[in-house]
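Descriptive analysis of the structure
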Amino acid sequence: MTTKYTTLLLLFVFAYAKGQTGDVLIKGGTVLTITNGVKENTDVLITKGKISAIGKNLKAPGATKVIEATGMYIMPGIIDAHSHIALDAINEASHPVTPEVNVGDAINPYDVSIYQALAGGVTISHAMHGSANAIGGQCQTIKHRYGEVNPDKLKMEGAPRTIKFALGENPMRTHGEGQGIVPRTRMGVEQVFRTAFSDARVYKQQWADHKAGLTKMAPEFSLRMETLADILDGKILIHCHSYRADEILMLLNVLKDYGVKKICFQHVNEGFKVAPELAAFGASASVFSDWWAYKFEVYYSTAYNAAILTRNGVVTSINSDSDELIRHLYHEAAKTQRYGDLSDEEALKLITLNPAKQLGIEDRVGSIEKGKDGDLAIFDKHPLSVYAIPQFTIVDGNVLFDRKNDAADKRIDIDPEEKLEAAFYERLIEKDNCMQDVTETLFFGHQYREALHKH
Amino acid sequence: MKALYLLSLSFLTFISLHAQMVKKSEAGPFLLKNATIHTITKGVIQGDLLISGERIEAIGQNIKSSAKYTVLDCTGKHIYPGMIDGGTQVALSEIEAVSITNDFNEIGDFIPHMQALTAVNPNAVTIPVTRTNGVTTVLTGPKGGRFPGTAALIDLHGYTPEQMYAGFKGVVLNFPSSGRRGRFDRRSDEDVKKDAEKALKKLDDIWAEAVLYAQIDSAAAVDKNIKINRKPEMDALLPVIRKQGVLLVEVNKSEDIKAALGWIAKNKINAVLTGVAEGSRVAQDIAKAGLAVITGPVLETPRRDYDRYDTPYANAGNMLKAGVRVAIRTDEAENARNLPFHAGFAAAYGMGIDEAYRAVSIVPAEIFGVSKFYGSLEAGKVANLYICDGDPFETRNQVEALFIRGWKVPLESRHTLLYDEFIQRSPGVK
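Residues numbered from 1 in each chain as written. Chains lettered and ligands numbered in written order. Predicted model: local features only at pLDDT ≥ 70, side-chain atom pairs only at ≥ 80, totals over all residues. Heavy atoms only, no water.

Scanning chain A from N- to C-terminus turns up 13 helices and 16 strands. The 455 residues of chain A split such that 63% are buried. Entry remark: accessible area of chain A is about 16,900 Å², with carbon and sulfur atoms responsible for 52%. (Helix = DSSP H or I, 4+ residues; strand = E, 2+ residues; numbered from the N terminus. Buried < 20%, exposed > 50% of the residue type's maximum accessible area, 1.4 Å probe, protein only. Areas by Shrake-Rupley, 256 points an atom, 1.4 Å probe, with all protein chains shown as cover.)

Here it is in structure tokens:
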């Protein structure tokens, strides 16, 4: 048994390792380009991992893999701007300000959730730090190169640095309620940012003075302050966990005061209330399709959030924050047609070009254009139909999901001593995945026990 | 004085709007003309449907109109029986993370006498939200320990729990699980097994006591000299012991399903299996036992890392193909509105659209013993139905009107009201 699995594992890894990028010709499908309309009966050629041609009757060298896609729909690989899959650790919940940590140091390439996401057409996700801290850790944009076992190879090369901020209940619970330190209220949350940014300005000035020869002794080096300084300098994109309208406006004011221009609000359930303010600032929003009422700060939510934000000109995406939802983001995007009547292109942008913009990778992915990465998802029906089933998912020109030909068991990390019958998991609804690790460690008493006793 | 009067008037308006939340329902009779009527049990009919009182009075071609009728032209529209969600916490939970707003998890391991119907809040914010997608009826029930209480079938309309009650109650049993409670459950394999065996032994003890209690109760009924110390939790099990009631057995892991089938047969219980996440693996056994299944959620991750990625999507269809009677549930509170999408995914992954619709209409009605009045469009049945602009599972389509017990219920909810207010916010930004 073990030998069989090892062989399978080796085959799979070698199959992937043949080339970091691949060639593939997809023939005769309906191509949903996102940026250039819908093209019927059109071929897409990927050469060395990049889209090299889109057109009719394309030819490719003899050895190129060909996918017959007549009757199928081809869209750009889906991008999830908020995820926690492929991570061994989520929350460094030890302090309200921890920008020095980076989830890029905790990537788990063996997570079978990566394959399950591929099976839903998702080729890129934004692996995020959790929301326990007002200023959390840095995040990592990853490509779903499942089969690759070197964690660093999952990182999307050249993707801008991003960082997690968090407002509202989670930092308040973790630090105020949990530790008896600021913030316990939304007033406190504001001052955590203002104090941190103020300290970072002082730190920057001290180094500037030192480098200019004004001070003899160098200031103490601090990775925390270096990272905050990079945020103030616009070198790191902020992705901020948020729910209520007032706290969203609060952070916009803080950023204005410190001259920070770019921010993507995450979840942002009450974004619809301040959509004009978000648009005026140039902030973007990454939302759930319909999650609400799981905690008090999302009680006054609407599934029409994405539609209202879109109509107000806010660059909006639909994210998962869940290893379950990430498997059908195409369906989550379609809900904006039931709730708000978005067009096909507007709905598809929510899971392609718009999240790409929010991650600063729109020149590479998010639409089917010549020169962009060979990341595609192929469906048997229009991807916004509830009956659509993903058939192939391609990353860098490599076919990493093939519905008809893939084995059922796609693990690449198998514990030879694990008993199969013991590996069943009872369902545990985790609606606030941003608090993973916190509920297990900091709130060891209450929440953890409650979760254990749910079944 | 006038200003004060105006101020108090606006204050009153404000209060009444928020207290009422959604508009009042309208009474019939209603004549729905020229529709495509999906009866579910009697095929698809092009014609009219007449709602009178709380019932469907007639379905047919050219039903004669009357001045009393409110006529709705349904040309190009589709009428379906209201969807029934076979398992939820709707109206029992307001905000999941605020424990004081949760009424589905009482303290205790053996508390079958806890009545979900008692805690149903007719004004729960989830009710209008669930209705807007065509769900008219839900089983809402308790969660937690071994016997967490008794679930109740309710229509999503009414001012009291009694008004909403739709004629079925079932005692819930969470069958002992030999699975892990989650990825953080770090018990050893042995401990997991031991705990499950201990739980099964305890269940057997409770059941033996309940059987004995029923015997004493029967004897006491005919012999006044026999005294019985009444126990509410044992009384709650009496209908199940006497096969007058249904036991809803929640069980998910394949090995546990097999154990549950054995336990149910041994004790000759009138049972329905719920959850049944790994039903595919033991579908033949379930079919042979002749038990019906309420499965879901369909939109769920595989329970084992080595499972094929689409196992949960395909589960309902696989059981159906093996000959099992299958209903679908969401197991949700605030998002039971997603029932048509759970059914849609089951349809796409092997169940087929027609069977998937049966799984959210006539099949649960049969399982709950209320198919005489619920689950399909037939003259004489309760008028729980809705008008849709197409296939109701298809994500983009819209439910345009909805009726529960003959009342035309407004398709408003917190979600639509917030949309109406904020799609054109004024003032905007200067």
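Let us now look at the side chain of A:Ser286. Residue and element names in this part refer to chain A. Looking at the secondary structure, you find Ser286 in strand 12 (residues 284–287). Within polar-contact distance, the side chain of Ser286 engages the side chain of Asn319 at 2.9 Å. Residues contacting Ser286, with those up to four places away along its chain left out, are Ala81, Cys264, Phe265, Gln266, His267, Val268, Ser317, Asn319 and Gln358. (Polar contact = N/O pair within 3.5 Å; in protein donor to acceptor, adjacent residues only side chain to side chain. Contact = heavy atoms within 4.5 Å.)

Moving on, we get to the nonpolar core. Of all hydrophobic cores here, the largest spans 177 residues; its most connected members are A:Leu251 and B:Leu273. When neighbours within four sequence positions are excluded, A:Leu251 is seen to be in contact with A:Phe165, A:Leu167, A:Phe193, A:Cys240, A:Ile263 and A:Phe265. Judged by nonpolar contacts, the second largest core, of 21 residues, contains B:Leu139, B:Ala151, B:Ile294 and B:Val363. (Core = buried A, V, L, I, M, F, W, Y, C linked by side-chain atoms within 4.5 Å.)

All names here are of chain B. The strand order across the open sheet built from eight strands is 6-7-8-9-10-11-12-13, with neighbouring strands paired in mixed fashion. Taken across any chain shown, the strands that pair with only one partner, and hence form the sheet edges, are strand 6 (83–88) and strand 13 (326–328). Each strand axis lies, on average, 25° off the axis of its neighbour in the sheet, ignoring direction. As paired elements, strand 11 (residues 271–275) and strand 12 (residues 292–295) share four bridges and run parallel to each other. Following the sheet pairing, Val272 is matched in strand 12 by Ala292. (Pairing = 2+ DSSP bridges. Axes fitted to C-alpha atoms, helices over the stretch in contact; angles between N-to-C directions.)

To continue, consider the side chain of B:Ser361. Residue position: B:Ser361 is located in the loop between helix 11 (353–358) and helix 12 (362–367). Excluding its chain neighbours within four sequence positions, the residues that come into contact with B:Ser361 are B:Ile40, B:Pro81, B:Ile84 and B:Gly375.

Right, let's get into the domain arrangement of chain A. Frequently, the measure chosen for interface size is the accessible area removed from exposure when the parts meet. All names here are of chain A. Under the domain assignment, chain A is made up of domain 1 (1–77 + 366–416) and domain 2 (78–363). The interface is formed by 35 residues belonging to domain 1 together with 37 residues belonging to domain 2. Interface area, domain 1 with domain 2, both sides summed: about 2,900 Å², of which 67% is carbon and sulfur. Among the residues of domain 1 in contact with domain 2, Ile34, Leu384 and Ile412 are the three that bury the most area, contributing 23% of the side total. Run the count over domain 1 and domain 2 and you get four salt bridges. (Domains from an automatic or database assignment. Buried area = accessible area lost by both parts, 1.4 Å probe. Salt bridge = Lys/Arg side-chain N within 4 Å of Asp/Glu carboxyl O.)

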